[in-house]
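Per-entry structural report
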Amino acid sequence: MSATVRPRLQPEQIGLSTNRNGNTAAARFRRHKVAVASLGIIAILGIIAIFAPIVALQDPYTVDLDNIRQPPSIAHILGTDSAGRDMWARMVYGARISMSVGFVANVISISIGVLIGTVSGYAGGWVDNILMRFTELVMNFPTFFAILMLVALLGPNIINVMVVIGVLGWEGLARLLRAQTLSLREQAFVEAARCIGTPHPQIILRHILPNLQPYILVAATLGVAGTILTESALSFLGLGVQIPQASWGSMLNSAQSLTVLTNSPWLWLPPGVAISVAVLAMNFVGDGLRDAFDPRMEV
Amino acid sequence: MRSRTVHGVNRRQFLKAGALVGGASVLAACAPVGSDASPAAEAAAAEEMKRGNLIGLYGGPINSFNPLTAVQGFQSHFFQCVLPPLIQENVPKTGFVPIMAESWEVSDDATEYTFHIHPDAKWHDGANFTAEDVLFSYELYLNPATKSRQVSNLAILRGAEAYSNEEADSVEGITVVDDKTIRFTTAFATGLFLFQAIHPILPKHILGDIAPDTLENQSFFFEDPLGSGPFQFVEYQADQFIRLQANDDWHWGKPKLNSYIMQIIASPDVGQIALERGEAHFNAWGGLNTSSTEVVRSFIDNPDFKVVATTGVVFTAYSFNLRKSFFADKRVRQAWLHALDRQKIIDVFQGGNGTIYNSPLIHGWSIPDDLNSYAYDPDLARQLLEDANWDFDQEVTVNLITLRSEEARAQVAAEKQMLEEAGFKIKIEEMDSSVWVERFYDTHEFEAVRVGFGSFPDPDGFLKFHLTTQGRNANGYAEAIGGDFEEKVIEAGQLTDQAARQEIYFDLQRTLNDNPSHAPLYVGNNVWVFNNGVSIPEITDQGVVGSLADLSNPLPAKRDWWTNLEGWAFQG
């Protein structure tokens, strides 16, 4: 007989997820109308990003020096930028950059957070001590300035931005997961797995991690919103994407000029609105998920 | 209760009354003297008001007041006002004018330069300004322990190298003749030493006892510099302003202004608002976004301002690493120049405000009139690439110091597109300035760069620094093109006959034009916006720009009005 008995913890045992009457997390989420609408918005943004070459209608990089800073028209529905490039096309491709930075950086930070959080909580003792002190050390960095410095040193390009944001954004999740793991590892089913000799990595993967899923999901959703904002801030400061790429933050950079701010609102309004909408939508979805997984919320 | 109030004063009432009387006394003491002021004081106050306080805008903080390590234009302004040099270039850049010196002589063989310090020259604390101060300062400039940036420039002095290498206790080529006379001797005949007599002089009686290697951390350079110039330092509020007061004992005559405030602003937009509201009088250094056509036009159209354009000294250019085999054929670099529509770039991104050059030496007197003007011709560019057997899959990486403005990034994107239309495959790589400098100047790990280059006061400086093995040799140019290029550069630097120098530079210009080390884009003109209330001796009505079109005809090299700040005044 295999040693990998998997008595998955029932949701109510840890106070999460579903209840017996079919009052599922999904049902609870669906009750959160704003979150559902936000999920729709994120889906639309995702589709726009994936199908950018079709949606953009024009090339986002083609410079047209005879048509710079043209207001919105039939030919350019959101006008043109300082190099005569189509703003709509750049917005669409900007969605690609902003969303992919949001997701990739988040995958990196969640991977690190999950690894450190679960190992720390499960192993306890000196391993926990070392990992948590390290977490606190990283937590004490002024994150944005550390990101600014690292991106400046490594060179501003999209890969560096993703990695740096990801590498410096996992501490909160690690601490949260450690706390949950500490409680989970004392549960009977984990004890049972240990008793029949299941290797520790397997216990973490098969028994602990599945039960941390709701926390990770909520943290990931909220994290993407934060990451999009961080990328926008970096690009706004000129430390984001490489020329001639566009991200919403770098497009917003032109709003630093008083004349653009007052005379050419089409240069900064669309990326500003896009950032706000994407971040708000992510936050609403995160809120919705948190409520959905909260057992105290009844349908 | 009542009787207590009438007949006695309790402790609390006594203290209250005391506090009132005390406060009133203090207020009275602080109040303006008013009609009791003496007529002399009133006259002085009136004169001060009439002389006025000039406010110039500066677009960033000052690094320090240390001339040994200075690199900023902002610092140059400060030194010109507070810590001036022996001499400086005159306004049309045709010669030099005395500042702390009263006069100077150059020996017939152009190796001895004798400066006579102005007899009335004094430090702001009243101490005499002497030749010892000059000697002290130049020894600091030649001492690498001070982190001086002038060590290599001053290496033309006899014995300079031995002193810098700590093989000698003094510089053989600097002699204090008497209290007010100092003589510099160069290692070889050169007409260029006067360009090295423009460094600020520091007070020996204040800094003389400090070890050179600890000098850069002295509060003198951050909080309380003492100078000898037409304005004296009063206070510095970090990142806000520097207040200077006229030095009425200035040996060339009392400044017409009462004070000069160097106002530091957070962004050029703030500068625009400050000028429009009359809270500042002119854009001194980066205080206004003059590359924006809209901004410049708004001031040209405003009768409260006069706008003046002058030729700049920084040229924006691509620079090639000739160590890369794909740049070996000069036709590739010629194609690069033909691929760029430089006039269009100036018109669109610089508001028409720039001048095209076709070699990296932008000193008017050194440019012959038969240089190839590299007209925009993408077809010719492609043809040249084909003739040179260019591999059209070859990607060329262009290193840039990180651009913070989307407008600047848009310009680079436009240039990239022009180059790609001609057949180049361009990758733009932005990096931190320290990384950029290391790759360009030290390790030479680059293919091409795009940056603004300083032009140096004389072609000799640029050539030696950038293009010969004596300098940083970033491009590997002299070795790559071979011939006697480097010998000619050295020869021109040692000649004193300006006509003969010009002939050699004409030759070098033709070489650099035909076999390019750089692809110069333009020299941006400086645009100055002055409040109409300010009267500046050098500005005439002919110099004032009446329309955007006038910006393309800048005044030749009249960029240094601020060097004569003591001549500025308020009208009426």
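Residues numbered from 1 in each chain as written. Chains lettered and ligands numbered in written order. Predicted model: local features only at pLDDT ≥ 70, side-chain atom pairs only at ≥ 80, totals over all residues. Heavy atoms only, no water.

**Points about the overall build of chain A**
Helix and strand content of chain A: 13 helices and zero strands. For chain A, the N- to C-terminal ordering of α and β elements is α-α-α-α-α-α-α-α-α-α-α-α-α. Reported as C-alpha extents along the three principal axes, the dimensions of chain A are approximately 75 × 45 × 35 Å. Here chain A holds 299 residues, and 48% of them are scored as buried. The long-range fraction of contacts in chain A, counting pairs at least 24 apart against all pairs at least 6 apart in sequence, stands at 72%. Charge-centre separation for chain A: the mean point of 19 positive side chains lies 9 Å from the mean point of 16 negative side chains. (Helix = DSSP H or I, 4+ residues; strand = E, 2+ residues; numbered from the N terminus. Buried < 20%, exposed > 50% of the residue type's maximum accessible area, 1.4 Å probe, protein only. Contact = heavy atoms within 4.5 Å. Lys, Arg positive; Asp, Glu negative; His and termini not counted. Charge placed at Lys NZ, Arg CZ, Asp CG, Glu CD.)

**Things to note about the sheet that holds strand 4 (residues 101–106) of chain B**
Through backbone hydrogen bonds, the strands of a sheet pair up, either in parallel or in antiparallel fashion. Residue and element names in this part refer to chain B. What the four strands build is an open sheet, ordered 4-5-7-6; its pairing is antiparallel. Looking at the sheet topology across the chains shown, the edges are occupied by strand 4 and strand 6 (174–178). Looking at each pair of strands side by side, their axes are set apart by 20° on average, direction ignored. Summarising the sheet, strand 5 (residues 112–117) and strand 7 (residues 181–185) pair through five bridges and their orientation is antiparallel. Paired with His116 across the two strands is Thr181, which belongs to strand 7. (Pairing = 2+ DSSP bridges. Axes fitted to C-alpha atoms, helices over the stretch in contact; angles between N-to-C directions.)

**A word on the interface of chain B and chain A**
It is common to report an interface's size as the accessible area lost on association of the parts. With 30 residues of chain B at the interface, the matching set in chain A holds 30 residues. It is Arg404, Glu406 and Arg409 of chain B that lose the most area in chain B upon contact with chain A, and together they represent 24% of the buried surface on that side. Our count for the contact surface shared by chain B and chain A stands at two salt bridges. One can count five residue pairs in polar contact (both at pLDDT 80 or more) joining chain B with chain A. Residue assignment for the side of chain B that touches chain A shows that the elements contributing at least two residues are helix 8 (268–276), helix 9 (293–300), helix 11 (342–349), helix 13 (406–422) and strand 16 (425–431) of chain B. For the side of chain B that touches chain A, the element with the most residues is helix 13 of chain B, which contributes 10 residues. (Buried area = accessible area lost by both parts, 1.4 Å probe. Salt bridge = Lys/Arg side-chain N within 4 Å of Asp/Glu carboxyl O. Polar contact = N/O pair within 3.5 Å; in protein donor to acceptor, adjacent residues only side chain to side chain.)

**Section: the layout of surface pockets**
Residue and element names in this part refer to chain A. The calculated volume of the second largest pocket comes to roughly 350 Å³. Asn106, Ser109, Gly169, Trp170 and Gly223 are the residues nearest the centre of the second largest pocket, which is lined by 21 residues in total. When contributions to the lining of the second largest pocket are tallied by element, the ones reaching two or more residues are helix 4 (87–123), helix 6 (143–154), helix 7 (158–167), helix 8 (171–184) and helix 10 (200–236). Counting residues per element, the lining of the second largest pocket draws most heavily on helix 10, which supplies six residues. (1 Å grid on protein atoms, 1.4 Å probe; cavity = no way out; pocket = protein on both sides within 12 Å on 5 of 7 lines; lining within 4 Å. Points joined across faces, edges and corners; volume = space filled by probe spheres on them.)

**Considerations on empty space enclosed by the protein**
Under the defined criterion, the tally for this structure stands at one cavity of 30 Å³ or more. If you add up the space inside the largest cavity, you get close to 80 Å³. What lines the largest cavity is simply Asp81, Ser82, Arg85, Met87, Arg90, Met251, Ser254 and Leu267 of chain A together with Glu406 and Ala410 of chain B. For the lining of the largest cavity, the secondary-structure elements that each account for two or more residues are helix 4 of chain A together with helix 13 of chain B. Among the residues forming the lining of the largest cavity, the class breakdown is four nonpolar, two polar and four charged. (Nonpolar A, V, L, I, M, F, W, Y, C, P; charged D, E, K, R; others polar.)

**Here we look at the nonpolar core**
Counting residues in hydrophobic clusters, the biggest one holds 73 residues, and the most contacted among them are Phe78, Leu86, Phe115, Phe184, Leu244 and Tyr260 of chain B. The biggest single contributor to this core is helix 5 (residues 131–141) of chain B, with seven residues. Residues from two domains meet in this core; each of domain 1 (5–64 + 229–311 + 527–570) and domain 2 (84–217) of chain B gives at least three. In this view, Phe78 of chain B contacts Ile62, Phe65, Leu83, Pro225, Phe233, Ile242, Leu244 and Met262 of chain B; residues no more than four positions away in its chain are not counted. Counting residues in hydrophobic clusters, the runner-up holds 71 residues, among them Val63 of chain A together with Trp336, Val435 and Val523 of chain B. (Core = buried A, V, L, I, M, F, W, Y, C linked by side-chain atoms within 4.5 Å. Domains from an automatic or database assignment.)

**Remarks on the environment of Ile48 of chain A**
Residues and elements named next belong to chain A. Here Ile48 lies in helix 2 (residues 33–50). By relative accessible area, which is 19% here, Ile48 ends up buried. On a C-alpha basis, the gap between Ile48 and Trp268 in space is 20 Å, while along the polypeptide they are 220 residues apart. Residues in contact with Ile48, not counting those within four places in the same chain, are Val55 and Val92.

**Here we look at the side chain of Gln196 of chain B**
Residues and elements named next belong to chain B. You can see Gln196 is positioned in the loop between strand 7 and helix 7 (204–207). Gln196 sits in the buried class, given a relative accessible area of 12%. Within the structure, the side chain of Gln196 is placed 2.9 Å from the side chain of His199, a separation counted as a polar contact. Ignoring any residue separated from it by four or fewer positions in sequence, one finds Gln196 in contact with Tyr138, Gln150, Asn153, Leu154 and Ile156.

**Considerations on the domain arrangement of chain B**
Residue and element names in this part refer to chain B. Here chain B is partitioned into domain 1 (5–64 + 229–311 + 527–570), domain 2 (84–217) and domain 3 (314–523). If you average the C-alpha positions of domain 2 and of domain 3, the two centres end up 34 Å apart. Domain 2 puts eight residues into the contact, and the matching count from domain 3 is eight residues. Taken together, the two surfaces of domain 2 and domain 3 that pack against each other cover about 620 Å², and 66% of this comes from carbon and sulfur. Ranking the residues of domain 2 by area buried against domain 3 places Phe188, Leu192 and Phe195 at the top, with a combined share of 58%. At the boundary of domain 2 and domain 3, one finds zero salt bridges.

**Looking at helix 5 of chain B**
All names here are of chain B. Burial runs high along helix 5: 10 of the 11 residues are buried. Listing the buried residues of helix 5 in full gives Ala131, Asp133, Val134, Leu135, Phe136, Ser137, Tyr138, Glu139, Leu140 and Tyr141. The secondary structure elements touched by the buried residues of helix 5 are strand 5, helix 6 (160–164), strand 6, strand 7 and helix 7.

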